[in-house]
Amino acid sequence: MTDVATTGFEVLFGRPPEVARDAPGRVNLIGEHTDYNDGLVMPIATPQRTRVELAAARSDVVRVWSASIAAARPATYRLSEERRTGEWVDYVQGVTAAMRTRGLALHGFDARIESDVPLGAGLSSSAALEIAVVRALVEAFALPIDAIETARIGHDAETGLVGAPVGIMDQMAASLAAPDAALFIDTRSLEFEQLPLPSAAELVVIDSGITHRHAGGEYRVRRQECVDSARRLGVPALRDVTAAALAAGTLPPPLDRRARHVVTENARVGEAREALQHGDARRFGELMNASHRSMRDDFEVSTPEIDALVAIAQAQPHVFGARMTGGGFGGSVVMLVARGAARDVAQLVAARYRAERNGAPAILIP
Ligand code: GLA
């Protein structure tokens, strides 16, 4: 019997692929829940990537198959008839809909998708898929789309047809980040800058194994709280709130805490950028720790299990700092550790978390 997950393009579609493109997942190092407030973020690409092989079709029919699902048949739809199904193919439909809205000339196509970006671990497998699909289409149909427009198309797919009210960080990271340098992004101007990690440091990422069922709903609530806070403070976005305006104390709880997280987090990203410019791993680690406290106490997007995992990580020797990464209520924890110590630290932290909290962690990096 052949393993369905290894079914190749030719077996699926009876001809070879014409193009193959890929895109990474992302780990956010610092700058959480700031992107939809026009603020600052600093993700980095994962070594794990999503790959798309694709061949143009004569008709307007799209056939697409994913090795992660390994269904018996490809999902099928017609261009201009994209509609939400609640299935993974919506990410592809969202991309073609967003590209058509821009007036880009597409034909139908066959595509095969394969990914080692883990699903549900907070590493943005969805952005990796969107960006890999955009890249494959750009190449197959010779479209004049640059990396920022690629990110915008992925973001439109996600907020539009898929219907998740996210910021643009993940798509910018999948389109522009590399695995060895932090990507500082101003999400208002979309200006960005690559900043290498300090030579004395490397990353560890551990998936907590927890996915919060209500994370989508909580994300919406936080986003709305930020909109309400900005309106009450008379600014276009929380990006524009100064520390002085915050200190004036006109926001009722919990909006005061939500706004404080965003304002202090933006400041921390600015400081983290300076720390990287000086190769200062220790300072960067302190800022990660402070970011986690702020997410836990002010933005309230952590959970007791995640806090325990972060505390275990922060207590280890050779750890500069640790925090939850991504939207919250579960997912992964990122740590900055002394170069050469990553493997040992990762195993130690995972073992402690398993023993102390009965957790089911998975080491994603290294
Ligand atoms: C999710 C969203 C991002 C961002 C983070 C929180 O990953 O997709 O846009 O808002 O949460 O920082």
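Located above this text is the structure these notes cover.
Only a predicted model underlies this, so the values are computations on that prediction, with no experimental measurement involved. (Residues numbered from 1 in each chain as written. Predicted model: local features only at pLDDT ≥ 70, side-chain atom pairs only at ≥ 80, totals over all residues. Heavy atoms only, no water.)

Q: Before we go on, may I ask you to explain the side chain of Asp35 in this structure?
A: Counting through the fold element by element, Asp35 comes out in the loop between β1 (19–30) and β2 (40–56). The charged side chain of Asp35 is buried without a salt bridge, its nearest counter-charge being Arg223 at 6.5 Å. Sequence-distant contacts of Asp35, defined by excluding residues within four places in its chain, comprise Val41, Gly167, Ile168, Met169, Thr187 and Tyr219. (Helix = DSSP H or I, 4+ residues; strand = E, 2+ residues; numbered from the N terminus. Buried < 20%, exposed > 50% of the residue type's maximum accessible area, 1.4 Å probe, protein only. Lys, Arg positive; Asp, Glu negative; His and termini not counted. Salt bridge = Lys/Arg side-chain N within 4 Å of Asp/Glu carboxyl O. Contact = heavy atoms within 4.5 Å.)

Q: Just checking my understanding: could you explain the environment of Arg83 for this structure?
A: Here Arg83 shows up in the loop between β4 (75–78) and α2 (89–101). A relative accessible area of 56% means that Arg83 is categorised as exposed. Separated by 68 residues in the primary sequence, Arg83 and Ala151 place their C-alpha atoms 21 Å from one another.

Q: I would appreciate a short explanation of the nonpolar core in the present structure.
A: One recurring pattern in soluble globular proteins is that nonpolar side chains are buried together. Core analysis: the largest hydrophobic core is formed by 68 residues, its most contacted members being Leu29, Met42, Phe284, Met335, Leu336 and Val349. Looking at this core element by element, the count peaks at eight residues for helix α8 (residues 255–277). Contacts of Leu336, omitting those with residues within four sequence positions, involve Ala201, Glu202, Leu203, Ala281, Phe284, Gly285, Met288, His318, Val319, Phe320 and Gly321. If you look at the next biggest cluster of nonpolar residues, it comprises 33 residues, including Tyr77, Val92, Phe109 and Phe141. (Core = buried A, V, L, I, M, F, W, Y, C linked by side-chain atoms within 4.5 Å.)

Q: Would you mind going over the site of the ligand with me for this structure?
A: The ligand sits among Arg26, Glu32, His33, Asp35, Tyr36, Val166, Gly167, Met169, Asp170, Tyr219 and Gly327. In this structure, an oxygen atom belonging to the ligand sits 2.9 Å away from a side-chain N or O atom of Arg26. One of the side-chain N or O atoms of Asp170 is found 2.7 Å from an oxygen atom in the ligand. For the ligand, the protein covers 93% of the area, taking 310 Å² as the surface of the free molecule. The residue makeup of the shell around the ligand, split by class, is four nonpolar, three polar and four charged. (Near = heavy atom within 4 Å. Polar contact = N/O pair within 3.5 Å; in protein donor to acceptor, adjacent residues only side chain to side chain. Areas by Shrake-Rupley, 256 points an atom, 1.4 Å probe, with all protein chains shown as cover. Nonpolar A, V, L, I, M, F, W, Y, C, P; charged D, E, K, R; others polar.)

Q: I tried to follow the packing of helix α10 (residues 304–314) against helix α11 (residues 342–357) on my own but got confused; where do I start?
A: Angle between the axes and distance between the axes are the two parameters that describe a pair of packed helices. Relative orientation of the contacting elements α10 and α11 amounts to 135 degrees, with a least axis distance of 9 Å. Between α10 and α11, the crossing angle belongs to the class labelled oblique. α10 and α11 meet at a crossing whose hand is right-handed. Counting all contacts with α10, which are made through Pro304, Glu305, Ala308, Leu309, Ile312 and Ala313, the residues of α11 involved are Val349, Arg352, Tyr353, Glu356 and Arg357. Looking at the contact of α10 with α11 residue by residue, the classes come out as seven nonpolar, no polar and four charged. (Axes fitted to C-alpha atoms, helices over the stretch in contact; angles between N-to-C directions. Parallel < 35°, antiparallel > 145°, perpendicular 65-115°, else oblique. Left-handed = near helix turned anticlockwise from the far one by under 90°.)

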